[in-house]
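Per-entry structural report
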Amino acid sequence: MNRKYRKTIIAGNWKMNKTPTETKEFMTALKGMMPRGRWCDVALCVPAVCIPAAVRAMRETRVGIGAENCNANPSGAYTGEIATNMLVDAGCKYVIIGHSERRAMGETDADVNAKVIAALDAGLIPIMCCGETLEQRETGITSEWIAMQIKAGLQNVPEEKIRKVVIAYEPIWAIGTGRTATPEQAQEVCESIRTVVRKLYSSKVARAVSILYGGSMNEKNAYELLAQPDIDGGLIGGASLVPEKFVKIIESANQPAE
Ligand code: 13P
């Protein structure tokens, strides 16, 4: 983390978990447990049908609600899809884009790029995900692969808008497996992402962009991961479903500023 130059963000990704009723229960519990200090931003990205319940419950709190996906088109014949202006109107602040689980369902880098642009145009904060497979890591092409995903995802994103983008590094082999990247492995890739952003934009922009780590981050390993200079927060799956665990991760972000 480096709170002097950029935001620390602890974000949950609920994936396909919890009903609207369970959302209300979770948010009520979380509200009662939220730490008082404001050392980081907190986001919860929830299934679309849970957004109204989450927004209602967290009104006047510091927790921003987000979606897990969006469609890049403004409106039209896209059965089952949700446009960015709908998310804004429903009270969303964030949207996760290009999660590996969605890429596995066929989402391409071009789709990710179009969604990032649509989200920014609507005023949402895109949390753009990237990450390598175990095979890619073992072949030694991690940094090239990630650089390619970042460049493709940020294509035509102007400098004045890039500051709004949050990047999440999620090694696919660490997602839901309990096998977290070591702090050194995660730092190495997050640092390389910042270098890519520096080359695409400028040192100033690179210094200001928040880069999150995701992949089996939990209340036990969060502190050490967040202590790395280029890891500005977490994108948390499983541990974001339990208020006690999520709160502990938020507390782990309360570290001495550099
Ligand atoms: P887990 O924290 O469950 O490994 O999930 C990480 C993730 O995919 C967050 O987007």
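Source: prediction; values computed, not measured. (Residues numbered from 1 in each chain as written. Predicted model: local features only at pLDDT ≥ 70, side-chain atom pairs only at ≥ 80, totals over all residues. Heavy atoms only, no water.)

Considerations on the state of the cysteines
Note on terminology: a disulfide is the covalent bond linking the sulfur atoms of two cysteines. Following the criterion strictly, the structure yields 0 disulfides and no others. Sulfur of C50: no disulfide; nearest cysteine sulfur belongs to C92 and is 11 Å away. Free of any disulfide, C130 has its nearest neighbouring cysteine sulfur in C129, separated by 7.6 Å. (Disulfide = S-S within 2.5 Å.)

Quick word on the side chain of D232
Note that D232 resides in the loop between α11 (222-226) and β8 (233-236). A polar atom in the side chain of D232 sits 2.8 Å from the side chain of R6. Excluding residues within four positions of it along the chain, D232 makes contact with M1, N2, R6, K7, T8, I9, R194, V209, S210, I211 and L212. (Helix = DSSP H or I, 4+ residues; strand = E, 2+ residues; numbered from the N terminus. Polar contact = N/O pair within 3.5 Å; in protein donor to acceptor, adjacent residues only side chain to side chain. Contact = heavy atoms within 4.5 Å.)

What to know about the site of the ligand
In the vicinity of the ligand, the contacting residues are N13, K15, H99, E170, A174, I175, G176, G215, S216, L235, G237 and G238. Separating an oxygen atom of the ligand from a backbone N or O atom of G176 is a distance of 2.6 Å. Split into classes, the residues belonging to the shell around the ligand amount to 3 nonpolar, 7 polar and 2 charged. (Near = heavy atom within 4 Å. Nonpolar A, V, L, I, M, F, W, Y, C, P; charged D, E, K, R; others polar.)

Description of the packing of helix α5 (residues 109-122) against helix α7 (residues 142-153)
At a minimum axis separation of 8 Å, α5 and α7 run at an interaxial angle of 45 degrees. Judged by the inter-axis angle, α5 sits oblique to α7. Taken together, the residues of α7 that come into contact with α5 (itself represented by D109, V112, N113 and V116) are M148, Q149, A152 and G153. (Axes fitted to C-alpha atoms, helices over the stretch in contact; angles between N-to-C directions. Parallel < 35°, antiparallel > 145°, perpendicular 65-115°, else oblique.)

Observations regarding α7
In an α-helix, one turn spans 3.6 residues, which is why side chains three or four residues apart end up on the same side. The end-to-end C-alpha distance of α7 is 16 Å, a good match for the 16 Å that 12 residues give at a rise of 1.5 Å each. Within α7, burial applies to T142, I146, A147, Q149, I150, A152 and G153. Buried residues in α7 make contact with α4 (100-103), α5, β5 (125-130), α6 (134-139), β6 (166-169) and α9 (183-200). (Expected span 1.5 Å × (residues − 1). Buried < 20%, exposed > 50% of the residue type's maximum accessible area, 1.4 Å probe, protein only.)

Notes on the pattern of salt bridges
A full pass over the atoms with the stated rule returns 12 salt bridges. With a shortest N-O distance of 2.8 Å, R6 and D232 are connected by a salt bridge. Taken together, the residues span a long stretch of sequence, with R6 in the segment before β1 (9-13) and D232 in the loop between α11 and β8 at a distance of 226 residues. Measuring nitrogen to oxygen at the nearest pair gives 2.7 Å for the salt bridge that ties D109 to R103. Salt bridges here are not isolated pairs; linked through shared partners, they connect R6, R194, D230 and D232. (Salt bridge = Lys/Arg side-chain N within 4 Å of Asp/Glu carboxyl O.)

Here we look at the environment of P183
Looking at where P183 falls in the secondary structure, it is placed in helix α9. In the structure, P183 is positioned 134 residues away from V49 in sequence and 35 Å away in space, judged by C-alpha atoms. Excluding anything up to four places from it in sequence, P183 contacts E224, L225, Q228 and I231.

Quick look at the side chain of Q255
Mapped onto the fold, Q255 is located in the segment after α12 (243-252). The buried category is assigned to Q255, whose relative accessible area is 7%. Engagement of the side chain of Q255 in a polar contact is seen with the backbone oxygen of Y223, the distance being 2.9 Å. Polar contacts involving the side chain of Q255 include one to the main-chain carbonyl oxygen of S252, which spans 2.8 Å. Not counting residues up to four positions away in its chain, the partners in contact with Q255 are M1, R3, Y223, L226 and A227.

Worth remembering: the numbers are spatial, not functional.
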